[in-house]
Amino acid sequence: MTTSSVQMSVKVGGLELCNPVLAASGTFGYGREFSPYMDLNRIGGLVTKGVSLKPRLGNPPQRVVETAGGMLNAIGLANVGLKDFLADKMPWLSKLGTKVVVNLYGESLEEFSALASGLEDQAGVAALELNVSCPNVKEGGLAFGVNPDSVAEVTRTVKAASGKPVWVKLTPNVTDPVLIAKAARDAGADALSMINTLLGMAIDPVEKKPVLANVFGGLSGPAIKPVGLRMVYQVSRAVDIPVIGLGGIMTGRDAAEYMLAGASAVQVGTANFSDPTSCLRIAEELAGFCTEQGISRVSQLVGGLDDKPLPVCGVKE
Amino acid sequence: LYQTAEVIAQRAVGPNTNQIRLEARGVAIKARPGQFVMLKIGETQDPILARPFSVHGVHGDEIVLLYKVVGKGTRLLARVESGANLPIWGPLGRGFDLDIEQPVLVAGGLGLAPIRFAAQRLKELRTPFAAVYGARNNSELLLNVAGQGWEIMTDDGSKGRKGLVTEALAERLPLSRGVLACGPLPMLKAVARQCLEHQVPCQVSLEAPMACGIGACLGCVMPDTSGGYFRVCQEGPVIDAAQVDWDQL
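Residues numbered from 1 in each chain as written. Chains lettered and ligands numbered in written order. Predicted model: local features only at pLDDT ≥ 70, side-chain atom pairs only at ≥ 80, totals over all residues. Heavy atoms only, no water.

J.: Looking at this structure, how should I read the overall build of chain A?
T.: Check the secondary structure of chain A and you find 9 helices and 16 strands. In terms of overall dimensions, chain A has C-alpha extents of about 55 × 50 × 40 Å along its principal axes. By residue count, 59% of the 317 residues in chain A fall in the buried class. Summarising the internal contacts of chain A: among those between residues at least 6 apart in sequence, 72% fall at separations of at least 24. Carbon and sulfur atoms make up 54% of the accessible area of chain A, which totals about 12500 Å². Charge-centre separation for chain A: the mean point of 28 positive side chains lies 1 Å from the mean point of 30 negative side chains. (Helix = DSSP H or I, 4+ residues; strand = E, 2+ residues; numbered from the N terminus. Buried < 20%, exposed > 50% of the residue type's maximum accessible area, 1.4 Å probe, protein only. Contact = heavy atoms within 4.5 Å. Areas by Shrake-Rupley, 256 points an atom, 1.4 Å probe, with all protein chains shown as cover. Lys, Arg positive; Asp, Glu negative; His and termini not counted. Charge placed at Lys NZ, Arg CZ, Asp CG, Glu CD.)

Printed below as a string of structure tokens:
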């Protein structure tokens, strides 16, 4: 069996993707930044930088710092705002063959509703992803994402304003992700993206100061992969909507692990920074992994974890 | 733009300071002084990010980088042997505009990296220029790297003239039509202020912690005079000093 004979397409959250590898929001700009490095039409899809109603300048620098096996960021959701997004970014994105998911960031239900309405007639927008989890901004994001009722309200609001599939991106900075996931599902979410970054901080011991101007930042990269796998595993067993797995995926094997944990598709984030060709490379590596393992359809990996408890002496089955 | 560069050789040129030669044709044929590359030190997940380096010189299909060993990434780079292949992408960002008469080049410390490349190109263009190069002391000076005829300044007077590069620049500013500068932030601030006062256009090459180098992560921003931020990797690293809000730095 050759790599090309592996069936790589998947259906997830109302979309059909040519392969299960998407670029994660906030790590891929508006797509165009990466077009010199790969044919974007060969990746499953891309999720844009979070778009807010009004432009946002973002946090003062220093905004990023490398940590062991990962990095912290506190960008502060800097973005061009809906109006400029529609005027300057959308025309180029609309010409892409790959699926474009627009990540939305609102600080109120009204803003989420206005964002969803503003994108409703954009044929190039395949789905909406709601950022209810970004931990970088002092108000807004975190408040929605940590409370099941708020997550449900935002999801319902956007579903009412839009006919497009709605993905809800969940934060790992909660005690019980299943509770939040069920709230989003009950409110009509078509899929869940998880996980967003873990809240962390870095300190310069010589200066005796936090490294990031925002003090706290979101931890991403291979350092968080075990947390992501655990949460995808927990949630995908508890809800009947697809989970899109992300958190530290650097290789095709990492993607396979997420799919075995229960993800129907994956997003690649920090890897885009350490190698701008990552999304395509990971999609190819995932196909190669399937070939090696004698798997003919990549979707056969989904939830395929062999986790039956082993027999224990003295316990009758 | 993304390729593998073969390490040809590296050598120490000063205390904890190395020059590394890489075969990277794609970068070499396009690089302009002031532009940079992202170099990943092997396929490690720790460190995970590539490092930005100014292009220091170009010879045929080879590029030269100048770097100081300051952290995990550069310590690893210093141990890389000839023949190793490293992922690289570039050239990136905006370089110096060299289309000026009688430019004055100002380099402080490792700021020599892009300034030396600018000097190389100016020579090829047969544009006469003056160059000032300063370091803390004699042992920090990379005299074998700087060009002949450059004015040398040291903080302690252990080589060249005693004083800061700004003192040498002050003497030359009245005759200058433009300044190209790279060095530590306090030096760039002082040079920018001097040039603004004398209404001499000044291009500075900046550095900032960055993740991607291609304008996506928005990590490398600095404040601009319009009240917002610019990305060092896209609107820089070389930028008109008048566009930078120095008071916030």
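J.: In this structure, what is going on with the state of the cysteines? I would like to understand it.
T.: Any covalent bond linking the sulfur atoms of two cysteines counts as a disulfide. In this structure the tally under the stated criterion is 0 disulfides over all chains. No disulfide involves Cys290 of chain A; its nearest neighbouring cysteine sulfur is the one of Cys18 of chain A, lying 14 Å away. On the basis of relative accessible area, Cys290 of chain A is assigned to the buried category, the value being 0%. Considering cysteine sulfurs only, Cys202 of chain B is the nearest to Cys182 of chain B, which forms no disulfide, with 11 Å between them. (Disulfide = S-S within 2.5 Å.)

J.: Even after reading the chapter, I still don't get the pairing of strand β6 (residues 62-68) of chain B, so can you show me in this structure?
T.: The side chains of a regular strand alternate, residue by residue, between the two faces of the sheet. Residues and elements named next belong to chain B. With 6 of its 7 residues buried, β6 lies for the most part within the structure. Of the pairings in the sheet, the one linking strand β2 (residues 17-23) to β6 comprises 7 bridges and is antiparallel in character. Pairing of Thr17 across the sheet is with Lys68, part of β6. Pairing geometry for strand β5 (residues 57-59) and β6, over 3 bridges, is antiparallel. Across the sheet, the residue bridging to Gly57 is Val64, located in β6. Hairpin remark: β5 followed by β6, antiparallel, with 2 residues in the connecting loop; positive phi at Gly60, about 60°. (Pairing = 2+ DSSP bridges.)

J.: Would you take a moment to explain the sheet that holds strand β1 (residues 2-14) of chain B for this structure?
T.: Strand pairs in the sheet, formed through backbone hydrogen bonds, run parallel or antiparallel to each other. Residues and elements named next belong to chain B. An order of β4-β3-β7-β1-β2-β6-β5 is seen for the 7 strands of this open sheet, with the pairing classed as antiparallel. Every interior strand has two partners, whereas the edge strands, β4 (51-54) and β5, have only one. Looking at each pair of strands side by side, their axes are set apart by 40° on average, direction ignored. As paired elements, β1 and strand β7 (residues 85-92) share 5 bridges and run antiparallel to each other. Paired with Gln3 across the strands is Ile88, a residue of β7. In the packing of helix α3 (residues 112-124) onto the sheet, contacts are made with β4, β5 and β6, and the angle to β5 comes to roughly 50°. (Axes fitted to C-alpha atoms, helices over the stretch in contact; angles between N-to-C directions.)

J.: Just to check I follow, could you spell out the nonpolar core for this structure?
T.: In this structure, Val168 and Leu192 of chain A together with Val179 and Leu206 of chain B are the most contacted members of the largest nonpolar core, which totals 138 residues. In terms of residues, this core owes the most to one element, helix α9 (residues 278-293) of chain A, which gives 8 residues. In this view, Leu192 of chain A contacts Val168, Leu170, Ala181, Ala184, Val235, Val239, Ile241, Pro242, Val243 and Ile244 of chain A; residues no more than four positions away in its chain are not counted. Within the second largest apolar cluster, 25 residues are counted, among which are Val13, Leu66, Phe96 and Ala113 of chain B. (Core = buried A, V, L, I, M, F, W, Y, C linked by side-chain atoms within 4.5 Å.)

J.: I'm lost on the packing of helix α5 (residues 177-186) of chain A against helix α6 (residues 225-238) of chain A in this one. Help?
T.: Two quantities define a packed helix pair, namely the angle between the axes and the distance from one axis to the other. All names here are of chain A. The contact between α5 and α6 brings their axes to 9 Å, and the two run at 45°. Relative to α6, the element α5 lies oblique. For the element pair α5 and α6, the recorded crossing hand is right-handed. Along its contact with α5, which presents Pro177, Val178, Ala181, Lys182 and Arg185, the element α6 presents Arg230, Met231, Gln234, Val235 and Ala238. (Parallel < 35°, antiparallel > 145°, perpendicular 65-115°, else oblique. Left-handed = near helix turned anticlockwise from the far one by under 90°.)

J.: Looking at this model, I keep getting lost on the environment of Leu173 of chain B. Mind explaining?
T.: All names here are of chain B. Counting through the fold element by element, Leu173 comes out in the loop between α4 (165-172) and β12 (179-182). C-alpha of Leu173 to C-alpha of His198: the two residues are 25 residues apart in sequence and 7.3 Å apart in space. Ignoring sequence-local partners within four residues, the contact set of Leu173 consists of Val179, Gln194, Cys195, His198 and Val200.

J.: Help me understand the sheet that holds strand β3 (residues 21-23) of chain A, please; the structure alone is not making it clear to me.
T.: Residue and element names in this part refer to chain A. On the basis of which strands lie adjacent, the closed barrel formed by 8 strands has the order β3-β4-β7-β8-β9-β10-β15-β16 and parallel pairing. Sheet twist, expressed as the average angle between the axes of neighbouring strands with direction ignored, equals 30°. This element, helix α2 (residues 109-119), spans β7 (99-104) and β8 (127-131) of the sheet and lies at about 155° to β7. Packing of α9 onto the sheet brings it into contact with β3 and β16 (265-268), and relative to β3 it is tilted by some 170°.

J.: Would you mind showing me how to read the packing of aromatic side chains here?
T.: Given two aromatic rings, their pairing is described by the distance between the two centres and the angle made by the two planes. Evaluation of the coordinates by the stated rule reveals 5 aromatic pairs over all chains. Taken together, a centroid distance of 5.6 Å and an interplanar angle of 85° make the contact between Phe112 of chain A and Phe144 of chain A edge-to-face. Separated by 32 residues along the polypeptide, Phe112 of chain A in helix α2 and Phe144 of chain A in helix α3 (residues 141-145) bring together distant segments of the chain. Against the face of Tyr229 of chain B rests Arg63 of chain A, its NZ or CZ located 5.0 Å from the ring centre. (Phe/Tyr/Trp six-rings, centres within 6.5 Å; stacked < 30°, edge-to-face > 60°. Lys NZ or Arg CZ within 6 Å of the ring centre and 35° of its normal.)

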